[in-house]
Amino acid sequence: MERRKLKAVTPATGIGYQRRGSGRRWAGLAAILALALAVWADDPQIQEAPPVAAEPVSAQAPAEDANSPADKTETQVDETATETEEAEVAAESAAVKPIPHSAADFAKDGRAKAVVIVVDGEVDEGLYSSIQRRTDEALAAGATTVIYQIDTFGGRVDSAISIWKYFMQEVGRKAHTVAYIPTEALSAGAMISVACQDVIMRHSTKIGDCAPISLGGSIEGVEREKIESPLRSYFKQAAETNGYPVAVCEAMVTIGIEVYQIKNKKTGAFEYFKGDGLPDDAEKYDLDNKKLIDTKEELETLTSEEAKEYGIARAVVDDVNGVLTFLEERDGVTFERPAVLLKTTWSEELVRFLASPTITGILFLIALLGIYTELNTPGVGLPGAVAIVALAIMFGSKFLIGMANWWEIAVFVVGMGLLMVEIFLIPGFGVTGIAGIILMVFGLGAMLVGNRPNELPIPTSDLDWEYFEKNLQGMGLGFLGFLVGAYFISKYLPKIPWANRLILAGTADPAHVRAGVSSPLVTDKLTRNKPLVGGIEETPVKTGQRGKALSQLRPAGRAMINGRRVDVVTQGSMIEADVEIIVVAVEGNRVVVKPVE
C-alpha cells in the first residue's frame, strides 16, 4: 500500500486535509502525537474526517498550560487519560472506515465546480476512451469534482480494470470523484463505482453482482478463482482507499462469502467481517447481535437503502442536484449551478458499435466476400471497393478505441500488398504470397488483443485470452459466412441481372440463359454501343475455343476469342501478350484460359 503523509492545509490551498480542534494541554500532547505516529505507521491510509462529514473526537489541551508531567494535578492526569482514550476511539473509528478526499480538498475558497460525465451502456474499450476524453475536457475546464453518472449492467472486465485504474491512479489525484447511480451499477459498473471516492445512489437503485461470466460456457474451480482473485483485490484496494467495507465489496465478486454486520461497542459504528474471520473479543464487539447480511448462496447485490446502511453509499438522493446539495452540506463548499453535463458523442457511440465482436465478424465477412467477388471478376469494380471500405472500418474502429496499433495495421497492409504482387505480377504462387497471407493473419490477430504500441500482441492473462477468443469466434463465424456466401455468389449471382451489371457490364447468350447457364461477359469496341438483339448479345464464349492474349494475363487480363474481346483469367500462371490461349472453363462470368501447348 502506498504510504501517504497527511498535510494540514486550508481549503484554499488545494489538496489536503483540514484539521480542527481547540487548545491542548502541553502535557498530553506528546502522548497523543506518539499514538498518532504509531497508528499511522500501522495503517498509512488513516485520515481524519473533513468538516461537516464527521467531527473527530479530539483531545483538549489549552495552549497556556505549560506545566511538566511531574507538576500535574490529579485532575490534570484524569483529563489526560480521558483525552488519550478519546484519541484512541477516534483513531480506531478512522481505521475502521477511512475518510476519502472531500470536495473541499480541491475547491478554491470554498467554491467548487462539478462536471457530470454520463457512463452508460456496455463497459468496453470505446467507453473507456470516451471517459478519458470527457474527463480531460472537464479538468481543463476547471472541474474540482467529477461526477460519473454510472448506469450499466456491466461489460468487459479488462475495460473495467482500465477505468478503475484511471479513476484510482489519475483522476482521483486531480479532482474529487463521485459515482452517482441513477438506476443500476452492476458487474463491471460496481467495480468502477467503488473506484470513485464517493458513491451516491438514487432511491430504489442497485449496485453489486460483479462475478465474472463467460459467454462461451461456465467458469468453475481453479479457473474461476484465477479470475475472481484479482477482481477481489481491486475491490479490496478501492474499499481500503475510499472507505468502503472490504468484506461487503469482496462479496460482490465471489459467491460463497458470508458477511456479518457487527457493532463495535467502543465506537458505536458497525463493522463488517467475513464468516471465516469473525472477531472473538466480546468486550469490544457485540457478538450476540451480529447480523448476517450475505449468505454463501448469494452474490452481494445491494439496494440503495442497503448500500447506505452498509457503508457503500454515502447518501441516497433524488437527482444530480441532490448529489451537489449533499456534498455542499457535508464538505462545506458551494457548487456552481447548474453542473455541466458531458455525454458521449454520436461518433463515439458509432465507434463502440462498430468495434464490437459481432460487427467485427460481419465486417470481416463483407471484406472476404468483396475480395472473392473481385478476384473472380476481371477488372476493378464495386466488390473491391466494398472490401476496402469494410477493412478500413474494421481496423479504424479498433484503432480509435486502442485495440489496434498503427504498426499492426501497417503489417496487414504490407501483407495484402505482397499477396497482390504474387497474384498479379509473379507467375505461380510461392514465398511472396505465403508471406503476405502470414502477415495479414498476424495483423488481424493482433487487432484482437489490447496491447500497447511497444508490446507484442500476446494475451497475458485469462481475461485477455477470453476476450481474444470472443473476438476470434466472431471472425470465425464471419469466415464461415464467407464460405456460404461464396458458394451462392458463384452459383446464383451471374443469374441475377442487376447484380450481373454491378459486377461487369456485358452480355450473355439467349440460348444459355434459357438453359439456365450463364455465358461469360464479352465486350467489343464495335458492338459496345450498339443495341443488343432482344437486349442480349448473341455471341457466347465456349469451352475449347482458342484465341490470343491481348494483354499480359497476371492472371487477369483481356483476350481475343471468337472475334470478341473478352475479360479472362488464367489458372494461376502468368501469360504474356500475343500468346495463343484456349478456354478451359466457363464458370458464370469467369472465363478461365491457359496457353496452348
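Coordinates for the structure precede this section.
A brief structural summary. (Residues numbered from 1 in each chain as written. Predicted model: local features only at pLDDT ≥ 70, side-chain atom pairs only at ≥ 80, totals over all residues. Heavy atoms only, no water.)

## With respect to the pairing of strand E19 (residues 580-587)
- Pairing geometry for strand E16 (residues 546-549) and E19, over three bridges, is antiparallel. Residue pairing for E19: Arg 546 is matched across the bridge by Ile 582.
- Across six bridges, E19 lies against strand E20 (residues 590-595) in antiparallel orientation. Its bridge partner being in E20, Ala 585 is matched across the sheet by Val 592. (Pairing = 2+ DSSP bridges. Helix = DSSP H or I, 4+ residues; strand = E, 2+ residues; numbered from the N terminus.)

## A short note on the side chain of Thr 152
- Here Thr 152 shows up in the loop between strand E3 (145-151) and helix H4 (157-169).
- Judged by relative accessible area, which is 3%, Thr 152 ranks as buried.
- Side-chain polar atoms of Thr 152 contact the backbone nitrogen of Gly 154, separated by 2.9 Å.
- Those residues within four positions of Thr 152 in sequence are excluded, and the remaining contacts are Gly 121, Glu 122, Val 123, Glu 184, Ala 185, Leu 186 and Gly 189. (Buried < 20%, exposed > 50% of the residue type's maximum accessible area, 1.4 Å probe, protein only. Polar contact = N/O pair within 3.5 Å; in protein donor to acceptor, adjacent residues only side chain to side chain. Contact = heavy atoms within 4.5 Å.)

## Thoughts on the nonpolar core
- Counting residues in hydrophobic clusters, the biggest one holds 58 residues, and the most contacted among them are Tyr 148, Phe 167, Met 191, Ile 207, Phe 235 and Ile 312.
- By residue number, the principal contributor to this core is H4, which donates seven residues.
- Excluding its chain neighbours within four sequence positions, the residues that come into contact with Ile 312 are Val 199, Ile 207, Tyr 244, Pro 245, Val 248, Cys 249, Met 252, Leu 302 and Ala 307.
- By size, the runner-up hydrophobic cluster in this structure holds 23 residues, among which are Ile 359, Ala 390, Met 440 and Leu 448. (Core = buried A, V, L, I, M, F, W, Y, C linked by side-chain atoms within 4.5 Å.)

## Side note on the pairing of strand E18 (residues 564-570)
- For E18, the buried fraction is high: six of the seven residues fall into the buried class.
- The sheet contact formed by strand E17 (residues 556-561) and E18 spans six bridges and is antiparallel. Within the sheet, the bridge partner assigned to Arg 558 lies in E18 and is Asp 567.
- Where E17 folds back on E18, the antiparallel hairpin that results is connected by two residues, among which Asn 562 adopts a positive phi of roughly 55°.

## A short note on the pattern of salt bridges
- This model, assessed by the stated rule, comprises 13 salt bridges.
- With a shortest N-O distance of 2.9 Å, Glu 250 and Lys 274 are connected by a salt bridge. Of this pair, Glu 250 sits in helix H7 (residues 246-251) while Lys 274 is found in strand E9 (residues 270-274), placing the two residues 24 residues apart along the sequence.
- Here Glu 309 ties to Lys 291 by a salt bridge, and the two come within 3.4 Å at their closest N and O atoms. (Salt bridge = Lys/Arg side-chain N within 4 Å of Asp/Glu carboxyl O.)

## Points about helix H14 (residues 431-447)
- The end-to-end C-alpha distance of H14, which contains 17 residues, comes to 24 Å, matching closely the 24 Å that a straight helix rising 1.5 Å per residue would cover.
- Within the sequence span of H14, burial applies to Gly 433, Gly 436, Met 440, Gly 443, Leu 444, Ala 446 and Met 447. In a view along the axis of H14, the buried residues occupy a sector of 165°, so they form one face of it. Exposed and facing more than 90 degrees away from the buried side of H14 are Val 431, Ile 438 and Val 441. (Expected span 1.5 Å × (residues − 1). Arc of directions from axis to C-beta.)

## Observations regarding the sheet that holds strand E10 (residues 291-294)
- In space, the three strands of this open sheet follow the order E9-E8-E10, with antiparallel pairing throughout. Across the chains shown, the open sheet's two edge strands, defined by having one partner strand only, are E9 and E10. In this sheet, neighbouring strand axes are inclined to one another by 35° on average, regardless of whether the strands run parallel or antiparallel. (Axes fitted to C-alpha atoms, helices over the stretch in contact; angles between N-to-C directions.)

So far we have only geometry, and geometry alone does not tell us how the molecule works.
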